[in-house]
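Single-letter residue listing:
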Amino acid sequence: MPTAVIQVLDITKKFGSRTVLDAIRLDVFDGETLVILGGSGSGKSTLLRLMIGNILPEGGDIMVFGKSLRGMSDGELAEYRKTIGVLFQSGALFNSMSVADNIALPLREHTDLAEDTIDIIVKMKLELVGLREHADKMPSQLSGGMKKRAGLARAMAMDPKILFYDEPSAGLDPVTSAEIDQLIIDLNRKLGVTSVVVTHEMDSAFRIAHRMVLLDRGKFIVSGTPDEMRNSTDPLVRQFVFGLTEGPLTERRRGSGYANDLLGLDPVI
Ligand SMILES: Nc1ncnc2c1ncn2[C@@H]1O[C@H](COP(=O)(O)OP(=O)(O)OP(=O)(O)O)[C@@H](O)[C@H]1O
Ligand SMILES: [Mg+2]
């Protein structure tokens, strides 16, 4: 059996009275790329934020490297965060700092390394994502794809054991998006980084995933390898995976009354 580096144990998350994740259970295995799929509002980003310890659940727990996230002190949580890297949707670079300074930031904040050592690490990380000659640029001078790469270099700065990506290819053209996917695959293969990727882009998901998990309206629907997902006979899985215009997702949308939608009584997806 592969080792689970993250175990999500019956996680329930509410915002106000609304349950956005309902008793989710899943494992992330050492060295794998796990893709979390689901429609807009299905709870993907919320699940990611729970796994990085940004927010706490109302029910259940998450074990990371065998330790309970809920049971961690602030200090332990800070230590855990140093062992993971996160690439947010926007790349989230600091606009007032050069690319190199953005990548150096976690090293300056969390380590006692000398500046010339930090310089070398920054160059290595930039080389890893193909941005070495852009070290001195400001984020505003970068294209969307380059910002993602720079964000990834920063997420890699501390040599994380796990990398979390939220919609890494959102807003990118298909070629740039495929390049980012290739980078995710390379980091996983060459460095053995365990990766958790949230996306709703199926092409990308099938390129990078070892396993996939499908969420729908806060509920766990299915998990499996790309082949198992492709061969699923579940109509909901098939509609999602193949982007079909007919199926349970569209029927649900049609069936939910406009008045209820307006009043929020019958939330759509
Ligand atoms: N901080 C918050 N306060 C209140 N509600 C929230 C908060 N964050 C998320 N939600 C709600 O929780 C549900 C799940 O949101 P989440 O962002 O996890 O969805 P998602 O699957 O990532 O969607 P998308 O594909 O659009 O990014 C949504 O209905 C959202 O409105
Ligand atoms: Mg999201």
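Residues numbered from 1 in each chain as written. Chains lettered and ligands numbered in written order. Predicted model: local features only at pLDDT ≥ 70, side-chain atom pairs only at ≥ 80, totals over all residues. Heavy atoms only, no water.

A. Structural view of the sheet that holds strand β2 (residues 18–29). Here we have four strands laid out as an open sheet, ordered β2-β1-β4-β5, and antiparallel in their pairing. Each edge of the sheet is formed by a strand with only one pairing partner; in this case those strands are β2 and β5 (67–68). Pairing of strand β4 (residues 59–64) with β5 involves two bridges; the strand directions are antiparallel. Bridging across to β5, valine 64 finds its partner in lysine 67. (Pairing = 2+ DSSP bridges. Helix = DSSP H or I, 4+ residues; strand = E, 2+ residues; numbered from the N terminus.)

B. View of the packing of aromatic side chains. If you walk through the whole model with that rule in mind, you get zero aromatic pairs. The ring of phenylalanine 15 is capped by lysine 13, whose NZ or CZ atom sits 5.3 Å from the centre of that ring. (Phe/Tyr/Trp six-rings, centres within 6.5 Å; stacked < 30°, edge-to-face > 60°. Lys NZ or Arg CZ within 6 Å of the ring centre and 35° of its normal.)

C. Geometry of the pairing of strand β8 (residues 194–198). Taken across its five residues, β8 has five buried, putting it largely inside the fold. The two faces of β8 match: Thr194, Val196 and Val198 on one face and Ser195 and Val197 on the other face are all buried. In the sheet, strand β7 (residues 162–166) pairs with β8 via five bridges, with the strands oriented parallel. Residue leucine 163 lies in a different strand from β8, and its bridge partner there is serine 195. For the segment spanning β7, helix α6 (residues 174–191) and β8, crossover handedness is right-handed. (Buried < 20%, exposed > 50% of the residue type's maximum accessible area, 1.4 Å probe, protein only. Right-handed = clockwise from strand over helix to strand, strands pointing away.)

D. Broad picture of the sheet that holds β7. What the six strands build is an open sheet, ordered β6-β7-β8-β3-β9-β10; its pairing is mixed. The outermost strands of the open sheet, each flanked by one partner alone, are β6 (84–87) and β10 (219–224). Across the sheet, the mean angle from the axis of one strand to that of its neighbour is 15 degrees, orientation sign disregarded. Pairing geometry for strand β3 (residues 33–37) and β8, over four bridges, is parallel. Note that in β8 the partner of valine 35 across the bridge is valine 197. Relative to strand β9 (residues 211–216), helix α9 (residues 235–242) is tilted by about 110 degrees, and along the sheet it contacts β3, β9 and β10. (Axes fitted to C-alpha atoms, helices over the stretch in contact; angles between N-to-C directions. Contact = heavy atoms within 4.5 Å.)

E. How the structure looks around the environment of proline 106. With respect to the helices and strands, the residue proline 106 is situated in helix α3 (residues 99–110). Owing to a relative accessible area of 15%, proline 106 belongs among the buried residues under this scheme. Along the sequence, proline 106 and serine 177 sit 71 residues apart, while their C-alpha atoms lie 26 Å from each other. Apart from the residues within four sequence positions on either side, proline 106 is in contact with Thr111, Arg154, Ala157 and Met158.

F. A look at the pattern of salt bridges. Per the stated rule, a full pass over the model turns up 13 salt bridges. Glutamate 79 is the salt-bridge partner of lysine 82, the closest N and O atoms lying 3.1 Å from each other. In this pair, lysine 82 and glutamate 79 both sit in helix α2 (residues 74–82), three residues apart, roughly one turn of the helix. On the basis of relative accessibility, which here comes to 26%, the residue lysine 82 falls in the partly exposed class. Look at glutamate 79 and you get partly exposed, because its relative accessible area is 45%. Counted as one network, the salt bridges with shared partners bring together Asp101, Arg108 and Glu115. (Salt bridge = Lys/Arg side-chain N within 4 Å of Asp/Glu carboxyl O.)

G. Region of the structure containing the packing of α3 against helix α5 (residues 144–156). The geometry of α3 relative to α5 is characterised by a closest axis approach of 8 Å and an angle of 25 degrees between their N-to-C directions. If you check the angle between α3 and α5, you find them roughly parallel. For the element pair α3 and α5, the recorded crossing hand is right-handed. Within the contact between the two elements, α3 uses Val99, Asn102, Ile103 and Pro106 and α5 uses Ala150, Ala153 and Arg154. (Parallel < 35°, antiparallel > 145°, perpendicular 65-115°, else oblique. Left-handed = near helix turned anticlockwise from the far one by under 90°.)

H. Here's a closer look at the site of ligand 1. Around ligand 1, 13 residues are found, and the nearest of them are Ser40, Gly41, Lys44, Ser45 and Thr46. Within the contact set of ligand 1, an oxygen atom lies 3.2 Å away from a side-chain nitrogen or oxygen of arginine 18. In this structure, an oxygen atom belonging to ligand 1 sits 3.2 Å away from a main-chain N or O atom of serine 42. Here ligand 1 has 640 Å² of accessible area as a free molecule, and 63% of this is covered by the chains. Within the residue set of the shell around ligand 1, elements represented by two or more residues are β2 and α1 (44–51). In terms of residue count, the dominant contributor to the shell around ligand 1 is α1 (three residues). Residue composition of the shell around ligand 1, by class: two nonpolar, eight polar and three charged. (Near = heavy atom within 4 Å. Polar contact = N/O pair within 3.5 Å; in protein donor to acceptor, adjacent residues only side chain to side chain. Areas by Shrake-Rupley, 256 points an atom, 1.4 Å probe, with all protein chains shown as cover. Nonpolar A, V, L, I, M, F, W, Y, C, P; charged D, E, K, R; others polar.)

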